[in-house]
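# Structure assessment
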Amino acid sequence: MTETVNRPMAPREWGMLVLLSLLWGGSFFFTGVAVRELPPPTIVALRVGLAALLLLAIVRAMGLRMPRNRAAWTALAGMGLLNNVVPFCLLVWGQTRIASGLASILNATTPLWTVIVAHALTSDERMTGKRLAGVALGFAGVVVLIGPGARDGLSAGLLAQVACLGAAVSYAFAGVYGRRFRRMRLAPMQTATGQVVASSVLLVPAALIVDRPWTLAMPDLPAWGALVGLAALSTALGYVLYFRILASAGATNLLLVTFLIPVSAIVLGATVLGERLAARDIYGMLVIGLGLLAIDGRALAWRPRGRAPAIAQPRRAP
């Protein structure tokens, strides 16, 4: 799959991007509901297990076949570990101690970590001055978010914020790791489905051993609804939209979803879960947004339409 040249998105693509932000922002809301009744390993295992069944059905309906060789599934297992197992577990555990909106803001630092990881591990995505400035602004935003808690020792809240940042770092490594699937000639839907299936193979047995879910109290209807939302909407449908936008508008445009995810998560958390964020959290999100704009570069190069760039006049001799 060749990446689409970065260009302004059409209204239909913007609509898909907004919908994707609601689905992924909604994952923090759904998790906030589910963690009130279920332990994190069980939530994550059910999320990927149900999503794997749905994605396998979609792949079958599309007439695609999943790979059968060991090399492909080894790579998919690595992708599932980095893109699902580690970040999902860290985010769900983090949300047992901090608000869903704050978790989504910390998760929005993923592109900042991606710039650093790509610079270290690739030869064609090197750090530029604009990207370096964006990373600096992004880390400043993280410092604002964590605030004075960093000076108070390793409290549960601080550890939860570090866990959410760890999830963002794992996503960054997954983004670089996933570049290999082009060379393996796997279709995007095969990659998405394979990584979720591999994640299920890793997580479901672990949840059975750690949580022994048959000993837990039966969750109420809202918790079951949240689990279905996590699997069907935030994971299965989210991946379908993700790869459609990636194919039509390119990866750089797709990164804009990180601006919108915290907004939808904060609105859902505040209106439905009754969560409140401090002013510091909003300021931190704005600083992170400035960092993302600097990394993207288009805002810095923007000129009003209809105005030609100024042409330097030749200097006259005195």
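Conventions and cut-offs
Residues numbered from 1 in each chain as written. Predicted model: local features only at pLDDT ≥ 70, side-chain atom pairs only at ≥ 80, totals over all residues. Heavy atoms only, no water. Helix = DSSP H or I, 4+ residues; strand = E, 2+ residues; numbered from the N terminus. Buried < 20%, exposed > 50% of the residue type's maximum accessible area, 1.4 Å probe, protein only. Contact = heavy atoms within 4.5 Å. Areas by Shrake-Rupley, 256 points an atom, 1.4 Å probe, with all protein chains shown as cover. pLDDT = per-residue confidence, 0-100. Expected span 1.5 Å × (residues − 1). Core = buried A, V, L, I, M, F, W, Y, C linked by side-chain atoms within 4.5 Å.

Another point: the overall build of the protein. Secondary structure assignment for the protein yields 13 helices and zero strands. For the protein, the proportion of its 318 residues judged to be buried stands at 47%. Look at the contacts in the protein between residues 6 or more apart in sequence, and 88% of them connect residues 24 or more apart. Of the roughly 16500 Å² that the protein leaves accessible, carbon and sulfur atoms contribute 66%.

The share of residues in the protein with pLDDT of 70 or more is 81%, and the mean pLDDT across the chain is 79. In this model residues 1-6 is a low-confidence stretch, pLDDT under 50, and it forms 16 contacts with partners more than four residues away in sequence or in other chains. The low-confidence segment residues 307-318, where pLDDT is below 50, has one contact with residues more than four positions distant or belonging to other chains.

Attention shifts here to the environment of A223. Topologically, A223 is positioned in helix 10 (residues 221-249). Each C-alpha atom of the pair A223 and A34 lies 4.8 Å from the other, and the pair is 189 residues apart in sequence. If near-sequence neighbours (up to four positions away) are discounted, A223 is found in contact with V33 and E37.

Let us now look at helix 9 (residues 188-211). If you check helix 9, its first and last C-alpha atoms are 33 Å apart, about what 24 residues at 1.5 Å a residue would give, namely 34 Å. Positioned one or two residues after helix 9, R212 has a phi angle of 45°, which is positive.

This part takes up the nonpolar core. Here is a general trend for soluble globular proteins: nonpolar side chains tend to be buried in one another's company. Membership of the largest hydrophobic core comes to 65 residues, with the highest contact counts inside it found for I43, I98 and V196. With 10 residues, the single largest contributor to this core is helix 1 (residues 11-34).

Before going further, it helps to spend a moment on unusual backbone geometry. Here the phi dihedral of R212 falls at roughly 45°; this positive angle occurs in a residue that is not glycine. Locating R212 in the fold gives a position in the loop between helix 9 and helix 10.

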